[in-house]
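# Results of the structural survey
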Amino acid sequence: MYPLFRTPNRLIAMLVGWSLLSAGLSVLVSGITDVPTGRGLILFAPTYFVWLFFLIPNYYMCRTLPLDKRAWTMVIATQTWILLALALIWALLGRGYALVLDSLADSVPYLEYFSEGLFSNLIFFAGQFEFFVLLHYLLIALQRGRDLEKQTLQQELLTSKAELRAIRATIHPHFLFNALNVLANITDSEPAQARNFCLRLADFLRYSVAYGDRPTATLGAELEHVQNYLSIERERFGERLCTDIEAEEELLETPVPSLMLFPLVENAIKHGIDSCIEGGCLKMRAVAGDGGLHIEISNPVDELGHKRQGTGIGLISLRQRLKNRYGDEATLQTCREDNLFIARICLPLRRASAAVN
Amino acid sequence: MSAFTKSVRRRKLSGMAKREPIRCLIVDDEPHARQALQTALARHPELDVIGLCENGLQAVKAINEQHPQLLFLDVQMPKLDGFDVLELVQEQIPFVIFVTAYDQYAVQAFEANAVDYLLKPVDPKRLAQAVEKVVARVGMEEPSRLQSLLADPVRERELMRRILVRDGSEVHVLPVDSVMYIEAADDYVAIHTAQDTHIKLDRLSRLQKKLDPRQFCRIHRSYLLNINFLSRIESESKDSRIAILTDKRELPISRSGYGNLQKLL
């Protein structure tokens, strides 16, 4: 679509503006060539108006002759030839129009008027043509800049989406090492338990893989997933880990972002329970209230229990995912209360049921 | 001649076979790992497992009280990791075999003079090799002291968030923010917090390197001050100044120490 006509407003402005310009120019040329103003308007204005449509195709010509890829001599030569050809066609058409007017009104020598004004008109047209050539090249440059920016943004969006997905579906290799280690240790001593352990590990991995690409899961499925994770970690931690998870029954079918709970629970284990020499209890509550779904996860933490602090990437990416999906309607807050670390998620319940992708 | 050497060798061999089993301690925070290693070691009569420890604190206590000859030591444990345990009991442990799920600590472990480094899950063949190494070394050479741990560049790169101090079997973990100042005393340092003082076998210059230089200032050859506890500076004369701490304690400031303080403040 021709850029100057792209929106209805622009099209109207362009046509009205061009009409006024045509009228003004007609009066001017009439003055120069001693043609009565009224007659000049009737004769010249329509032909000027038509000239606009002679200028438009130039835009496409400019697109096929980009300044940075073609020699400028070639550009000038081509555009000049086009100008001459267009001027010739226009002059012939104008002459035809004058002939028609001539035959309609016997007393007025329209054809003579037209011939008298032809030279000034051609000069004006050449000027306008040059102006439009410059205008078109400018528009093309602007458009290209905008396209480039858009492409960059799109690329960035794709990358960040991919990164988010990668982080979401990340299973830390250390987790697998630990699981394999547990398995090797219990296969001889407790074969039945080892078998059960494999099943839960398989369920855990299956979910992580399946929901790496699916943005939405139910709260019930999410809870089952973290329960699987916790049962694997419980083998490792023994009595150091206890869990206490409760969710209101009617909330289990609520759609929530997939793999939303896992990073929080993983953090609670890695940076919380594991930092405490005696271990501790991971508590989770999911309740409905104020039109929202509230999930609270708390765990004991010993700040000096680990040499390093976490990177916080898990929380940042989860916060970003919630923001992308719910805007300001969802929150993820974390706080310390005495020796507890608490993470609170709040999702809008009504929006959650719309399952936005 | 040959009969003589033969008999000597035979006596030596029989002597080794009858030797007391090597007393060892297993330190790992995962119950299955402890159990599995204990089961695997039951096949090696040359070792005697005298105890299982669930964490670094228990390990320090057990080492202090039972004096094992060999430690099977997990690296990643809560509160005190394997290297922390070694730092606290460096002069009391002859032999260490690290047992860990990850190989990222291997270099560090050998720099700490570990006899061997086993990866979990432990392969029985590798375990047998490690045990062989220890058996060969016991009695053959002076046990390698774990001195080089102190000079380990990997550990010195990171700033400390806490200082570990051992008092007999008890371990204190002091957050660096609670330390008011550290005083040098011969081979020891005295670490003063608002409540009490802890003695640690260490050097002031080494500690200074591992503490945040924006927080700790060497105000004197013998004093390293946490500037958060500095209340004001009083000058008695041109070259003699005194730091008054928030709890009214006074510390001398040397001339170069005053320069350090000025740079920091």
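Everything numeric here is computed off the predicted structure, so don't read it as measured data.

The rules we used
- Residues numbered from 1 in each chain as written.
- Chains lettered and ligands numbered in written order.
- Predicted model: local features only at pLDDT ≥ 70, side-chain atom pairs only at ≥ 80, totals over all residues.
- Helix = DSSP H or I, 4+ residues; strand = E, 2+ residues; numbered from the N terminus.
- Buried ≥ 20, exposed ≤ 12 C-beta atoms within 10 Å, placed from the backbone.
- Contact = placed C-beta atoms within 7 Å.
- Nonpolar A, V, L, I, M, F, W, Y, C, P; charged D, E, K, R; others polar.
- Pairing = 2+ DSSP bridges.
- Axes fitted to C-alpha atoms, helices over the stretch in contact; angles between N-to-C directions.
- Parallel < 35°, antiparallel > 145°, perpendicular 65-115°, else oblique.
- Left-handed = near helix turned anticlockwise from the far one by under 90°.
- pLDDT = per-residue confidence, 0-100.

### Things to note about the overall build of chain B
When you go through chain B residue by residue, the secondary structure sums to nine helices and 15 strands. Scored against the burial criterion, the 265 residues of chain B give a buried share of 38%. Nonlocal contacts in chain B, meaning residues at least 24 apart in sequence, comprise 54% of its contacts between residues at least 6 apart.

### Here's the deal with the interface of chain B and chain A
Facing 19 residues of chain B, the contacting portion of chain A comprises 21 residues. When residues of the side of chain B that touches chain A are traced back to their parent elements, those giving at least two are helix H2 (31-41) and strand E7 (170-175) of chain B. Ranked by residues supplied to the side of chain B that touches chain A, first place goes to H2(B) with five residues. Residue classes in the side of chain B that touches chain A are distributed as 10 nonpolar, three polar and six charged.

### Quick word on the environment of A:Leu55
Residues and elements named next belong to chain A. The topology assignment puts Leu 55 in helix H2 (residues 37-55). When the C-alpha atoms of Leu 55 and Phe 131 are compared, they prove to be 10.0 Å apart, with 76 residues separating the residues in sequence. Among residues more than four places away in sequence, those in contact with Leu 55 are Gln 128, Phe 129 and Phe 132.

### Section: the sheet that holds strand E5 (residues 292-300) of chain A
All names here are of chain A. Strands sit in the order E2-E4-E5-E7-E6 across an open sheet of five strands; the sheet is mixed. Looking at strand neighbours, the two that pair on one side only are strand E2 (241-247) and strand E6 (331-337), the edges of this open sheet. Shown here is a sheet whose adjacent strand axes are inclined to one another by a mean of 10 degrees, direction ignored. Bridge count between E5 and strand E7 (residues 340-348): nine bridges; the pairing is antiparallel. Opposite Ile 297, over in E7, you have Ala 343 as the bridge partner. Lying on the sheet, helix H9 (residues 261-272) is in contact with strand E4 (280-289), E5 and E7; it crosses E5 at an angle near 15 degrees. Set on the sheet, helix H10 (residues 313-326) makes contact with E6 and E7; between it and E6 the angle comes to about 145 degrees.

### Quick look at unusual backbone geometry
What is expected of a backbone is that most residues other than glycine have negative phi and most peptide bonds are trans. Residue and element names in this part refer to chain B. Cis geometry marks the peptide bond from Lys 120 to Pro 121; its omega dihedral reads -5 degrees. Along the polypeptide, Pro 121 turns up in the loop between strand E5 (116-119) and helix H6 (124-137). A positive phi angle, close to 75 degrees, is found at Lys 248, a residue other than glycine. In this fold, Lys 248 is placed in the loop between strand E14 (241-245) and strand E15 (250-253).

### A closer look at the packing of helix H7 (residues 191-210) of chain A against helix H8 (residues 219-237) of chain A
Residue and element names in this part refer to chain A. Look at H7 against H8: their axes get within 9 Å of each other, and the N-to-C directions meet at 140 degrees. The angle between H7 and H8 places the two elements in the oblique class. The crossing of H7 and H8 is left-handed. Contacts between H7 and H8 involve Phe 197, Arg 200, Leu 201, Asp 203, Phe 204 and Tyr 207 from the first element and His 225, Asn 228, Tyr 229, Ser 231, Ile 232 and Glu 235 from the second.

### Observations regarding the confidence of the model for chain A
Residue-level pLDDT values for chain A average 86, and 94% of them are 70 or greater. This stretch, residues 351-357 of chain A, has a pLDDT under 50; its non-local contacts, to residues over four places away or in other chains, come to 12 contacts.

### Section: the pairing of strand E12 (residues 223-226) of chain B
All names here are of chain B. Burial along E12 is two-sided: the face carrying Tyr 223 and Leu 225 and the face carrying Leu 224 and Asn 226 are both buried. Pairing of strand E8 (residues 179-185) with E12 involves three bridges; the strand directions are antiparallel. Bridging from a neighbouring strand, Tyr 181 pairs with Leu 225 of E12. Hairpin connection, strand E11 (residues 216-220) to E12: the antiparallel pair is bridged by two residues.

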